[in-house]
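# Examination of the molecular architecture
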Amino acid sequence: MKKIEHIGIAVKDLAAANEIYAKLLQTESYKTGKVKSEGVETSFFKVGESKIELLAATSGDSPIAKFLEKRGEGVHHIAYEVDDIKAEMKRLKEEGFELISKRPKKGADNKLVAFLHPKSAAGVLVELCEEIRDEEQSLPIGDEVWEDL
Ligand SMILES: CC[C@H](C(=O)O)C(=O)SCCNC(=O)CCNC(=O)[C@H](O)C(C)(C)COP(=O)(O)OP(=O)(O)OC[C@H]1O[C@@H](n2cnc3c(N)ncnc32)[C@H](O)[C@@H]1OP(=O)(O)O
Ligand SMILES: [Co+2]
């Protein structure tokens, strides 16, 4: 793991949360957008070498909707930047971690992403992120589509 890439926070109202975090962090969100395959709308803030990712649900069956229903607003996941997501998924699978997604998929903020089940990581949902470096990598996998608002 290279660094904490972002901390994902589930929120009910993205505009309201954007205002709170802009004041807290003294900086504006640098990127917003939707990830259709996850049913989320995201807003990113840079904090040093990491980021805060605010996540609101755009569909009732979104993982964020289910999380909010069950737990309310709060920290949702921790994302780590890796150099080679496929190699890292293979390593972690061999180490006994449960992979939620069998293959990397296109996530937010120009990344390939994959998730580990919280029960494998002491109750914390883990996201692995690899920067999409070339067009080849960014071929849409499944129906993930990144569309800016
Ligand atoms: C990809 C775009 C963007 C990016 O950064 O690029 C994102 O980050 S999108 C983020 C939203 N997408 C996801 O979270 C995908 C991965 N998540 C999942 O597949 C599910 O949410 C899953 C499998 C973690 C839980 O789904 P499930 O239907 O099993 O929900 P349950 O409520 O039944 O949960 C089972 C069990 O896990 C606990 N749980 C659920 N969510 C979390 C969480 N975020 N952190 C910690 N623990 C979590 C839940 O409490 C249940 O535990 P139990 O002890 O049985 O009550
Ligand atoms: Co994330």
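These figures come from a predicted structure and were not determined experimentally.

Definitions and cut-offs
- Residues numbered from 1 in each chain as written.
- Chains lettered and ligands numbered in written order.
- Predicted model: local features only at pLDDT ≥ 70, side-chain atom pairs only at ≥ 80, totals over all residues.
- Heavy atoms only, no water.
- pLDDT = per-residue confidence, 0-100.
- Contact = heavy atoms within 4.5 Å.
- Phe/Tyr/Trp six-rings, centres within 6.5 Å; stacked < 30°, edge-to-face > 60°.
- Helix = DSSP H or I, 4+ residues; strand = E, 2+ residues; numbered from the N terminus.
- Lys NZ or Arg CZ within 6 Å of the ring centre and 35° of its normal.
- Core = buried A, V, L, I, M, F, W, Y, C linked by side-chain atoms within 4.5 Å.
- Buried < 20%, exposed > 50% of the residue type's maximum accessible area, 1.4 Å probe, protein only.

The next subject is the confidence of the model for the chain. On average, residues of the chain score 90 in pLDDT, and 90% of them reach the 70 mark or higher. Low pLDDT (under 50) marks residues 141-149, which in the prediction has 31 contacts with non-local residues, meaning those over four places away or in another chain. Across the interfaces of the predicted complex, the ipTM metric reaches 0.98, alongside a pTM of 0.92.

What the rule picks out here adds up to two aromatic pairs. Summarising the aromatic geometry, the rings of Tyr-21 and Phe-45 are spaced 6.4 Å apart at their centres and angled 50° between planes, so their arrangement reads as tilted. In this pair, Tyr-21 is assigned in helix 1 (residues 14-25) and Phe-45 in strand 3 (residues 40-47), connecting sequence segments 24 residues apart. Plain terms: the ring middles of Tyr-30 and Phe-44 are 6.2 Å apart, the flat faces sit at 50° to each other, and that makes the pair tilted. With Tyr-30 in the loop between helix 1 and strand 2 (31-35) and Phe-44 in strand 3, this pair connects stretches of sequence that are 14 residues apart. Geometry around Tyr-30 places Lys-46 over its ring, the cationic atom sitting 3.8 Å from the centre.

In this structure, Val-82, Ile-85, Met-89, Leu-92, Leu-99, Leu-112, Ala-114, Leu-116, Ala-121, Val-126, Leu-128 and Ile-132 together form the largest nonpolar core, which totals twelve residues. Mapped by element, the contributors of at least two residues to this core are helix 3 (85-94), strand 7 (111-116) and strand 8 (126-131). For Leu-128, the contacting residues outside a window of four places in its chain are Met-1, Tyr-80, Val-82, Ile-85, Glu-88, Met-89, Leu-92, Leu-112, Val-113 and Ala-114. Ile-9, Val-11, Tyr-21 and Ala-56 belong to the second largest nonpolar core, which has ten residues in total.

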